[in-house]
Amino acid sequence: MNKVEISNFNFYYGQTQCLKNISFDITSHQVTSIIGPSGCGKSTFLRCLNRMNDLIPGVRMDGVINIDGQDINAPQLDVVSLRKKIGMVFQKPNPFPKTIFDNVAYGLRINGIKDQDYIDDKVQESLKNAVLWDEVKDRLNSSALALSGGQQQRLCVARALAIAPEIVLMDEPASALDPIATAKLEELIVKLKEKYTIIIVTHNMQQAARISDMTAFFMQGDLVEYKHTKQLFTHPDKKITEDYITGRFG
């Protein structure tokens, strides 16, 4: 079932067009990777899905992005409700300078939840879902900043999961991690698709090949090709896709 449907979507920073006539569908409970060279519009596209680009002056867009059949750019849409449905994990781990517990509980509290038993349960559940509970359960009141980089990134995943999103966006989530932490994060991403729809931007094509069901290749704001990951990497339709994935440019 399609979770996200993008149709003839264009996005502009001022006079500069960053995304050009993008159309494709993203299926529920799959990992969808977005690959392409720097500056091709990958992260801009990801931020369109939770309307983070709204915060930038001078942006405009046309076309349609539907999530669960609802146009997310419709004037009457409640952006706060949209962002509750969509968790986000950024390129560098960005835990708050708070305890491990308070990092995960943060989203619940700002959404007005005061029931401490409920918060306790959700923090534990989110840390377990992020495969971090066993490593931190005895130090929940310690600073999150004392965790390793890989643990901090999984904590940020737990923080995103605590508000019970349906979609999790990840923008280069392993780029600041060492190979061991990256492997743990990749295992986690594959596990999370049982419960969530995952959309990940990555420069690492081996990572896309390992973890994703579908892959979209962006180039200079265009969606060049979108298909099952194995097919894209073994039998791309376009020569430009083949050149990119074989390292001939980019």
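The paragraphs below set out a description of the structure included in this document. (Residues numbered from 1 in each chain as written. Predicted model: local features only at pLDDT ≥ 70, side-chain atom pairs only at ≥ 80, totals over all residues. Heavy atoms only, no water.)

The next point concerns the packing of aromatic side chains. Applying the stated criterion across every chain, the model contains seven aromatic pairs. Between F24 and F218 the ring centres are 6.4 Å apart and the planes differ by 80 degrees, which places this aromatic pair in the edge-to-face class. Taken together, the residues span a long stretch of sequence, with F24 in strand β2 (residues 16-27) and F218 in strand β9 (residues 214-219) at a distance of 194 residues. Each of the two residues, F24 as well as F218, counts as buried. Chaining the aromatic ring pairs together yields one cluster made of F24, F45, F218 and Y226. (Phe/Tyr/Trp six-rings, centres within 6.5 Å; stacked < 30°, edge-to-face > 60°. Helix = DSSP H or I, 4+ residues; strand = E, 2+ residues; numbered from the N terminus. Buried < 20%, exposed > 50% of the residue type's maximum accessible area, 1.4 Å probe, protein only.)

Before going further, it helps to examine a negative patch on the surface. A cluster of acidic residues, D115, D117, D120 and D121, forms a negative patch at the surface. By the element assignment, D115 lies in the loop between α3 (100-110) and α4 (116-129). We classify D115 as partly exposed; its relative accessible area is 45%. (Patch = residues over 30% accessible without salt bridge, like charges linked within 9 Å, V, L, I, M, F, W, Y side chains within 5 Å. Areas by Shrake-Rupley, 256 points an atom, 1.4 Å probe, with all protein chains shown as cover. Salt bridge = Lys/Arg side-chain N within 4 Å of Asp/Glu carboxyl O. Lys, Arg positive; Asp, Glu negative; His and termini not counted. Charge placed at Lys NZ, Arg CZ, Asp CG, Glu CD.)

This next bit is on α3. Of all the residues in α3, the buried ones are I100, F101, N103, V104, A105, G107 and L108. Structurally, α3 contributes buried residues whose contacts are with α4, α5 (133-136) and α6 (149-162). Backbone geometry just after α3 places G112 at a positive phi near 90 degrees. (Contact = heavy atoms within 4.5 Å.)

Every second residue of strand β6 (residues 86-89) is oriented toward a common face, with I86 and M88 on one face and G87 and V89 on the other, all of them buried. As defined by bridge partners, β6 adjoins strand β7 (residues 167-171) across four bridges and the pair is classed as parallel. Directly across from M88, in β7, lies its bridge partner L169. (Pairing = 2+ DSSP bridges.)

Of note, R51 is a non-glycine position whose phi angle comes to about 60 degrees, a positive value. Structurally, R51 is set in the loop between α1 (42-48) and β4 (59-67). Among the residues examined, R51 registers a relative accessible area of 14% and is labelled buried. Non-glycine residue Q220 carries a positive phi angle of around 50 degrees. The exposure class of Q220 is exposed, given its relative accessible area of 58%.

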